[in-house]
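Listed here are the chains, written in short residue letters.
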Amino acid sequence: MKMKHLAVAVCYVALLSLTGCMGGKATSSSGRGGEVVGVGGGRSFKEPAPFGMVMVKRGFLKMGIEQQDTLWGKQTPIKEISVDGFWMDDTEVTNSKYKQFVFWVRDSILRERLADPAYGGDESYKITEDKNGDPVTPHLDWKKSLPKKPNEDEQRAFESLYVTNPVTGEKSLDASQLNYRYEIYDYTTAALRRNRLNPEERNLNTDYVVDPNEVVMISKDTAYIDDEGRIVRETINRPLSGPWDFLNTYIVNVYPDTTCWVNDFRNSDNEMYLRNYFSNPTYNDYPVVGVTWEQANAFCAWRTDYLLKGLGPEARYVQRYRLPTEAEWEYAARGKDGTEFPWENQDVKNGDGCFYANFKPDKGNYTKDGNLITSKVGIYATNTNGLFDMAGNVAEWTSTIYTEAGVDAMNDLNPQLEYKAAKEDPYRLKKKSVRGGSWKDPESYIRSAWRSWEYQNQPRSYIGFRCVRSIATSSSVKQKASKK
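Rules used throughout
- Residues numbered from 1 in each chain as written.
- Predicted model: local features only at pLDDT ≥ 70, side-chain atom pairs only at ≥ 80, totals over all residues.
- Heavy atoms only, no water.
- Helix = DSSP H or I, 4+ residues; strand = E, 2+ residues; numbered from the N terminus.
- Buried < 20%, exposed > 50% of the residue type's maximum accessible area, 1.4 Å probe, protein only.
- Contact = heavy atoms within 4.5 Å.
- Areas by Shrake-Rupley, 256 points an atom, 1.4 Å probe, with all protein chains shown as cover.
- Lys, Arg positive; Asp, Glu negative; His and termini not counted.
- Charge placed at Lys NZ, Arg CZ, Asp CG, Glu CD.
- Pairing = 2+ DSSP bridges.
- 1 Å grid on protein atoms, 1.4 Å probe; cavity = no way out; pocket = protein on both sides within 12 Å on 5 of 7 lines; lining within 4 Å.
- Points joined across faces, edges and corners; volume = space filled by probe spheres on them.
- Nonpolar A, V, L, I, M, F, W, Y, C, P; charged D, E, K, R; others polar.
- Axes fitted to C-alpha atoms, helices over the stretch in contact; angles between N-to-C directions.
- Parallel < 35°, antiparallel > 145°, perpendicular 65-115°, else oblique.
- Expected span 1.5 Å × (residues − 1).
- Left-handed = near helix turned anticlockwise from the far one by under 90°.
- Salt bridge = Lys/Arg side-chain N within 4 Å of Asp/Glu carboxyl O.

Student: What's the story with the overall build of the protein chain in this structure? I'm lost.
Tutor: Helices and strands together make up the secondary structure of the protein chain, namely nine helices and 18 strands. Counting only C-alpha atoms and orienting by the principal axes, one finds that the protein chain spans roughly 105 × 80 × 55 Å. Across the 484 residues in the protein chain, those meeting the buried criterion constitute 40%. In the protein chain, once contacts between residues fewer than 6 apart in sequence are set aside, the share between residues at least 24 apart is 68%. As displayed, the protein chain offers around 28400 Å² of accessible surface, 52% of which is attributable to carbon and sulfur atoms. In the protein chain, which carries 64 positive and 66 negative side-chain charges, the distance between the mean positions of the two groups comes to 6 Å.

Encoded structure:
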């Protein structure tokens, strides 16, 4: 009998221990008559400010220009929209930051070759098992230092990344090898009801007769390197088969096109910029140019992976770096008061005659604002959101496809218009919206609402980019009383 009482006591203690593990609120709910009181436990995620970014709080904007004038030459779509909060780079991505991406790609290729038996054959450059000795997918060990005094085989691995000009004898990094492969899971397309694996879940209309044999076609992007080292991009159209259908693969050559300086300006002596702008450390703090929309997206993907590898469990809450939507860009540029320019008045210079931005103030006179081409980022004052160079310096890629309808074709909540153009699509479908105007543009082009475009694979000496990241948590705020 004593043993029976002892067993009951042990069970009671175990039950108390179990409920204690469930958290305070779960324990207290048992004494409230079975009322639903919600799940407790856990701490809310407080997102730290990302390095070099400022918070743009959610808000409202009337996009476009209400008072059209003849200088614009075309009507600008107007619409009242609201956007959620996001982090935005306070400056355009610089040569220095983009070089970090280029050098990471270079070093990853080098490490792969040092582990390759055809070169160094040092397997310690790859991690093949976890701390418990269990096998894992082989990946690079970035903690292992590169050899300072390479042997003959290791030297061949180093030399394989460089090319020598047969005419001039100049040795340089072989840009054609610098390819970055990344994958993006398309959560939005995967969430569409039409893409449910169970046919009965695709239409909630009970009058609709479900066809269990219905074939749903999907499109996914993929890429590979062929035997001759060329990047082959394909868009696959096939019947829906599973969650892997929404994983897109991209391979992008990441080196900027430095020849844009001579291709953009014919009959102009810009060889110095071709040879120096990206490679010379003097220009480290200048905005990177000659980067296509595709390369800018690759940078965002790499920057995301680079960040997540340094985070712990909180990584699951952090959103990906990406290009801003056209609506986000204009909302951020116009500041807290929605001004026409990223400054408070409609003039382009202050009372002392100093210009607010780097643009082309006069016909043929690029230097009137103190610059000839691009300028160092951050030398002009910020707008009210704390962002530099949202007018002029370099125009900036957005993630939005360019259409004449613009925001009229979008929702008024977080407006966006995306189209993943396949290689075989007409070239006109590969236009992306570009905002902000540049160092070569006149005053009307640097207005925050001015809309322009460029083809997604076209590098320019006057187009750069900056990244954004959606705020991980969007909490409610108490409404302030409005003054009548």
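Student: Honestly, the sheet that holds strand 17 (residues 463-464) in this entry has me stumped. Any pointers?
Tutor: Note on sheets: strands pair through backbone hydrogen bonds, and any given pair is parallel or antiparallel. Pairing in this open sheet of four strands is mixed, and the strands run 16-15-14-17 from one edge to the other. At either end of the open sheet lies a strand with only one pairing partner, and these are strand 16 (452-455) and strand 17. As defined by bridge partners, strand 14 (residues 395-401) adjoins strand 17 across two bridges and the pair is classed as parallel. Bridging from a neighbouring strand, Glu-396 pairs with Gly-464 of strand 17.

Student: Got a minute to help me understand empty space enclosed by the protein in this structure?
Tutor: By the definition in use, this model includes two cavities of 30 Å³ or more. When its volume is computed, the largest cavity comes out at roughly 50 Å³. Every residue along the wall of the largest cavity is listed here: Asn-95, Pro-256, Asp-257, Thr-258, Cys-260, Trp-261, Tyr-273, Tyr-277, Phe-278, Val-288 and Val-289. Among the residues making up the lining of the largest cavity, the classes are represented as eight nonpolar, two polar and one charged. Approximately 40 Å³ is the volume attributed to the second largest cavity. Lining the second largest cavity we find Met-63, Gly-64, Thr-76, Pro-77, Glu-326, Glu-330, Gly-406, Val-407, Arg-435, Ala-449 and Arg-451. When grouped by side-chain class, the residues that make up the lining of the second largest cavity number four nonpolar, three polar and four charged.

Student: Where do I start with the packing of helix 3 (residues 95-115) against helix 8 (residues 293-308) in this structure?
Tutor: Packed helices, taken two at a time, are described by the angle between their axes plus the distance between the axes. Closest axis-to-axis distance for the helix 3/helix 8 pair is 11 Å, and the angle between their directions is 75°. The orientation of helix 3 with respect to helix 8, classified from their angle, is roughly perpendicular. Touching Lys-97, Tyr-98, Gln-100, Phe-101 and Trp-104 of helix 3 are Gln-295, Ala-298, Phe-299, Trp-302 and Tyr-306, all from helix 8. In the contact of helix 3 with helix 8, the residues fall into seven nonpolar, two polar and one charged.

Student: Just to check I follow, could you spell out the pairing of strand 4 (residues 86-89) for this structure?
Tutor: Taken residue by residue, a regular strand's side chains alternate between the two faces of the sheet. Residues Phe-86 and Met-88 of strand 4 are buried on one face, and the alternating residues Trp-87 and Asp-89, pointing to the opposite face, are buried as well. The sheet contact formed by strand 1 (residues 53-56) and strand 4 spans four bridges and is antiparallel. Paired with Met-53 across the two strands is Asp-89, which belongs to strand 4. Relative to strand 18 (residues 468-470), strand 4 runs antiparallel, the two being bridged by three bridges. Its bridge partner lying in strand 18, Phe-86 is registered against Ser-470.

Student: For this particular structure, what's the right way to read unusual backbone geometry?
Tutor: What is expected of a backbone is that most residues other than glycine have negative phi and most peptide bonds are trans. Unusually for a residue other than glycine, Asn-267 sits at a positive phi of about 55°. Considering the arrangement of structural elements, one finds Asn-267 in the loop between helix 6 (260-263) and helix 7 (271-276). Residue Asn-267 is classed as exposed on the basis of its relative accessible area, which comes to 87%. A positive phi is found at Asn-414, a non-glycine position, where the angle reads about 45°. The topology assignment puts Asn-414 in the loop between strand 14 and strand 15 (431-435). The class of Asn-414 is partly exposed, set by a relative accessible area of 40%.

Student: What am I meant to see in helix 3 here?
Tutor: The periodicity of an α-helix, 3.6 residues per turn, causes residues three or four places apart in sequence to face the same way. If you check helix 3, its first and last C-alpha atoms are 30 Å apart, about what 21 residues at 1.5 Å a residue would give, namely 30 Å. Among the 21 residues in helix 3, 15 count as buried, and that is most of the element.

Student: Help me out: how do you make sense of the sheet that holds strand 4 in this one?
Tutor: With respect to topology, four strands assemble into an open sheet ordered 1-4-18-13, the strand pairing being antiparallel. On the outer flanks of this sheet lie strand 1 and strand 13 (321-322), each paired with one strand and no other. In the packing of helix 9 (residues 326-333) onto the sheet, the strands contacted are strand 1, strand 4, strand 13 and strand 18, and the crossing angle to strand 4 comes to about 75°.

Student: Sorry, what's going on with the packing of helix 3 against helix 4 (residues 152-159) here?
Tutor: Across the interface, helix 3 lies against helix 4 with an axial gap of 9 Å and an inter-helix angle of 150°. If you check the angle between helix 3 and helix 4, you find them roughly antiparallel. Taken as a pair, helix 3 and helix 4 cross one another with a handedness that is right-handed. Side by side, helix 3 and helix 4 meet where Leu-110, Arg-113 and Leu-114 of the first sit next to Glu-154, Ala-157 and Phe-158 of the second. When grouped by side-chain class, the residues that make up the contact of helix 3 with helix 4 number four nonpolar, no polar and two charged.

Student: What's the story with the pattern of salt bridges in this structure? I'm lost.
Tutor: Where charged atoms of side chains with opposite charge meet at close range, the side chains can pair. This structure, assessed with the given rule, holds 26 salt bridges. Here Arg-466 makes a salt bridge to Glu-396, at a shortest N to O gap of 2.9 Å. Taken as a pair, Arg-466 in the loop between strand 17 and strand 18 and Glu-396 in strand 14 lie far apart in primary sequence, 70 residues in all. Glu-396 shares its class with Arg-466; the two are buried.

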